[in-house]
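Residues per chain, in single letters:
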Amino acid sequence: MKPAAVPLIPVSYGTPPASAGVVSRAVETPIWEPGHSCRLGDLIVYDGHIYRCLASHVFVTGWEPPNTPALWQLVK
């Protein structure tokens, strides 16, 4: 089952040369749901905040991002 997604978030990569336009792309950020999984570096949304996955794992009730700082880094 594919997790639900939130609105697209623009992501910029580095500083482009003055002669180039801004390099960016829109990505969908999935919502944290038990039973889904993530890989190192994946972004998810939980309770209105964006978190980065610090270790690949399956989402388990009780291991929500605010409860498991070893698994998640608050991004925004």
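Residues numbered from 1 in each chain as written. Predicted model: local features only at pLDDT ≥ 70, side-chain atom pairs only at ≥ 80, totals over all residues. Heavy atoms only, no water.

Caption draft 1: The arrangement of the overall build of the protein chain in detail. Per the secondary structure count, the protein chain includes 0 helices and 7 strands. The helix and strand sequence of the protein chain, counted from the amino end, reads β-β-β-β-β-β-β. Taking contacts inside the protein chain between residues at least 6 apart in sequence as the whole, the part at least 24 apart equals 29%. Carbon and sulfur atoms make up 60% of the accessible area of the protein chain, which amounts to about 5,200 Å² in all. (Helix = DSSP H or I, 4+ residues; strand = E, 2+ residues; numbered from the N terminus. Contact = heavy atoms within 4.5 Å. Areas by Shrake-Rupley, 256 points an atom, 1.4 Å probe, with all protein chains shown as cover.)

Caption draft 2: Summary view of unusual backbone geometry. A positive phi is found at Asp47, a non-glycine position, where the angle reads about 55°. Mapped onto the fold, Asp47 is located in the loop between β4 (43–46) and β5 (49–53).

Caption draft 3: Expanded view of the pairing of β4. Bridge analysis of β4 against β5 gives 4 bridges, and the strand direction is antiparallel. From the neighbouring strand, Ile44 faces β5, where its bridge partner is Tyr51. As consecutive antiparallel partners, β4 and β5 are separated by 2 residues, and within that stretch Asp47 has a phi angle of approximately 55°, a positive value. (Pairing = 2+ DSSP bridges.)

Caption draft 4: Spatial organisation of the sheet that holds β4. The strand order across the open sheet formed by 3 strands is β4-β5-β7, and the pairing between neighbours is antiparallel. The open sheet terminates on both sides in strands that have one partner only, identified here as β4 and β7 (72–74). Strand-to-strand twist across the sheet, computed as the mean angle between neighbouring axes with direction ignored, equals 40°. (Axes fitted to C-alpha atoms, helices over the stretch in contact; angles between N-to-C directions.)

Caption draft 5: Quick look at the confidence of the model for the protein chain. Mean pLDDT for the protein chain: 77, with 64% of residues reaching 70 or above. Mean pLDDT across the elements of the protein chain bottoms out in strand β1 (residues 9–12) (48) and peaks in β7 (96). With pLDDT under 50 throughout, residues 8–16 is counted as low confidence; its partners more than four residues away or in other chains account for 20 contacts. Note on residues 19–26: pLDDT under 50 across the span, and 14 contacts to partners over four residues away in sequence or across chains. (pLDDT = per-residue confidence, 0-100.)

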